[in-house]
Amino acid sequence: MKVSLILGCVLILTNVPTSHAQQFKWGDPNYKLASEIASDIGWYQIAATKAWAVNESGLKDARCMITLDNLRAAGVPDTRIVDVKYDAPEFKRGPHTLAEIRTSCVHVETLGKIQYFERWAKFAMKDTPNLNSGRYEVAYYRNCIQVYDEIVKAGISPSERVPDDVIGGAAWSGSIEELRKKWCDFGFSTANAKTAASEALYRKVLTSDKLKIALTYQEVILPGGARTTDPSKMAAASVWFEDFSPSNVCTDGRQIHNLRRYQFGSDQRIVKTTEQEYCGSAPLSAFH
């Protein structure tokens, strides 16, 4: 008798969700939206580790949240049932309320934002050895810091941890705050210091448009065709050239070159800019 009572209670509890909430059926005006959320909340499992990951990352709302918000805006209560087709960290596939799915979707959004931060933090980590050679990309460090600030502003806790990994033989683990300080803040401050030092020579003798171009390209072509990175030679010349090579080619197969000519006034501002296209490298006669 006792065993029968327990089994009966279990049966009743198991049937509670479907008996008190209606599932979506064909013909329901919100059937398409319900089908979208049933087919893809946004989760998948990494085959090697079985760890959970998300299909999308970024600062915008996850697709599942947009769908859920559209259902809510249409007046669909969170108690309605959707037959979810795939497992999620919070539950197995099968019938679940929109409220349960929303909880899982919030998790998707959180992990998506963390993964977006990780992307830039990993770029920063991999670029760190380049700080010594001067071939670094300061945008990696800047973007990492900006993304961190954005996701924390969006409600992600600085103590959220990333999945442990090994990248290039180095351990990848810790909270997003720890990773920002270790790779992004350090790299950004170091890169800025090196950039300031390398720009100092240009800033000493160049101003206005000349300075902008010099800091952008670091090297210019002088009349006669000689290339230079010497700020004093740049300051003395009233004409500079830059040679650009787009991906397209001429009909004979030669690389197209666009030769841009800058003419400066005594105040180092541009007074005239012209551009000429050549099949192959520009002849020396063009550098006048």
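Residues numbered from 1 in each chain as written. Predicted model: local features only at pLDDT ≥ 70, side-chain atom pairs only at ≥ 80, totals over all residues. Heavy atoms only, no water.

**Describing the state of the cysteines**
Cut-off, in case you're wondering: Note on disulfides: each one is a pair of cysteine sulfur atoms within 2.5 Å. Going along the chain from the N terminus, every DSSP run of H or I of four or more residues is numbered as a helix, and every run of E of two or more is numbered as a strand.
For the structure on display, the rule yields three disulfides. Disulfide pairing is shown between Cys144 and Cys184; the S-S distance is 1.8 Å. Every disulfide takes its handedness from the sign of the S-S torsion; for Cys144 and Cys184 that torsion is 55 degrees, giving right-handed. Here Cys184 lies in helix H8 (residues 176-205) and Cys144 lies in helix H7 (residues 138-153), a separation of 40 residues in the sequence. There is a disulfide in this structure between Cys250 and Cys279, and the S-S distance comes to 2.0 Å. The chirality of the disulfide connecting Cys250 with Cys279 is left-handed, given an S-S dihedral of about -110 degrees.

**Some points on the nonpolar core**
Quick note on the threshold: Among buried residues, those of type Ala, Val, Leu, Ile, Met, Phe, Trp, Tyr and Cys that are joined through side-chain atoms within 4.5 Å constitute a nonpolar core. Burial classes: relative accessible area under 20% of the type maximum marks a residue as buried, over 50% as exposed, and values in between as partly exposed (1.4 Å probe, protein chains only). Note on contacts: a residue pair qualifies if any of its non-hydrogen atoms lie within 4.5 Å across the two residues.
Among the nonpolar cores identified, the biggest contains 25 residues, and Phe117, Trp172, Ile176 and Cys184 are the most heavily contacted of them. Looking at this core, the elements that each hand over two or more residues are helix H5 (98-127), H7 and H8. Contact partners of Phe117, with chain neighbours within four places excluded, come to Cys144, Val147, Tyr148, Ile151, Ile176, Leu179, Arg180 and Cys184. Counting 22 residues, the second-largest nonpolar core is a separate cluster that includes Phe24, Cys64, Val84 and Val108.

**Remarks on the pairing of strand E10 (residues 256-264)**
Stated precisely, the cut-off is as follows: A strand pair is defined by DSSP finding two or more bridges across the two strands.
Here six bridges tie strand E9 (residues 239-244) to E10, and the two strands are oriented antiparallel to one another. In the sheet register, Glu242 faces E10, and the bridge partner there is Arg260. Pairing between E10 and strand E11 (residues 270-279): nine bridges, direction antiparallel. When the sheet's bridge partners are listed, Arg261 is paired in E11 with Thr274.

**Structural notes on the packing of H7 against H8**
Going by this rule: Whenever a helix is involved, its axis is fitted only over the stretch in contact; in every case the axis is a line through C-alpha atoms, and angles between N-to-C directions fall within 0 to 180 degrees. Each angle gets one of four labels, with under 35 degrees taken as roughly parallel, over 145 as roughly antiparallel, 65 to 115 as roughly perpendicular, and the rest as oblique. A clockwise turn of the near helix away from the far one marks a right-handed crossing, whereas an anticlockwise turn of less than a right angle marks a left-handed crossing. Polar here means any residue outside two lists: the nonpolar Ala, Val, Leu, Ile, Met, Phe, Trp, Tyr, Cys and Pro, and the charged Asp, Glu, Lys and Arg; Gly therefore counts as polar.
In contact at an axis separation of 8 Å, H7 and H8 are set at 140 degrees when each is read in the N-to-C sense. Taken together, the axes of H7 and H8 lie oblique to each other. H7 and H8 meet at a crossing whose hand is left-handed. Judged by residue contacts, Val138, Tyr141, Arg142, Cys144, Ile145, Tyr148, Asp149 and Ile151 of H7 engage Ile176, Glu177, Arg180, Trp183, Cys184, Asp185, Gly187, Phe188, Ala191 and Asn192 from H8. In terms of residue class, the contact of H7 with H8 is built from eleven nonpolar, two polar and five charged.

**Describing the packing of aromatic side chains**
Applicable threshold: Here is the rule: rings of Phe, Tyr and Trp (six-membered ring for Trp) pair when centre to centre is within 6.5 Å. Planes less than 30 degrees apart are stacked, more than 60 are edge-to-face, and the remainder are tilted.
Applying the stated rule across the entire model yields ten aromatic pairs. An angle of 70 degrees between the planes, with centres 5.3 Å apart, marks the rings of Trp120 and Phe123 as edge-to-face. One end of the pair, Trp120, and the other, Phe123, are both in helix H5, three residues apart, so they sit about a helical turn from each other. Note on Phe123: relative accessible area 30%, which makes it partly exposed. Plain terms: the ring middles of Tyr217 and Phe244 are 5.7 Å apart, the flat faces sit at 65 degrees to each other, and that makes the pair edge-to-face. Taken together, the residues Tyr217 in helix H9 (residues 208-217) and Phe244 in strand E9 connect sequence positions 27 residues apart. We classify Tyr217 as partly exposed; its relative accessible area is 30%.

**A look at the environment of Ala226**
Within the fold, Ala226 resides in the loop between strand E7 (220-221) and strand E8 (227-228). For Ala226, a relative accessible area of 45% corresponds to the partly exposed category. Note: C-alpha distance between Ala226 and Phe241 (15 residues apart in sequence) is 9.8 Å. Leaving out residues up to four positions away in the same chain, Ala226 has contacts with Val220 and Ile221.

**Some thoughts on the environment of Ala237**
Along the chain, Ala237 turns up in the loop between helix H10 (231-236) and E9. By relative accessible area, Ala237 is classed as buried at 12%. Here the alpha-carbon distance between Ala237 and Gln268, two residues 31 residues apart in the chain, equals 9.7 Å. Contacts of Ala237, omitting those with residues within four sequence positions, involve Lys210 and Leu222.

**Focus on the pattern of salt bridges**
Put simply, the rule reads: Criterion for a salt bridge: a side-chain nitrogen of Lys or Arg within 4 Å of a carboxyl oxygen of Asp or Glu.
Scanning the entire structure with this criterion turns up 17 salt bridges. Residue Asp78 pairs with Arg72 through a salt bridge whose shortest N-O separation is 2.5 Å. Residue Lys122 pairs with Glu118 through a salt bridge whose shortest N-O separation is 3.9 Å. Of the two residues, Lys122 and Glu118 both sit in helix H5, four residues apart, roughly one turn of that helix. For Lys122, a relative accessible area of 23% gives the class partly exposed. Overlapping salt bridges bring together Asp40, Glu56 and Arg63 as one network.

By themselves these figures say nothing about function.
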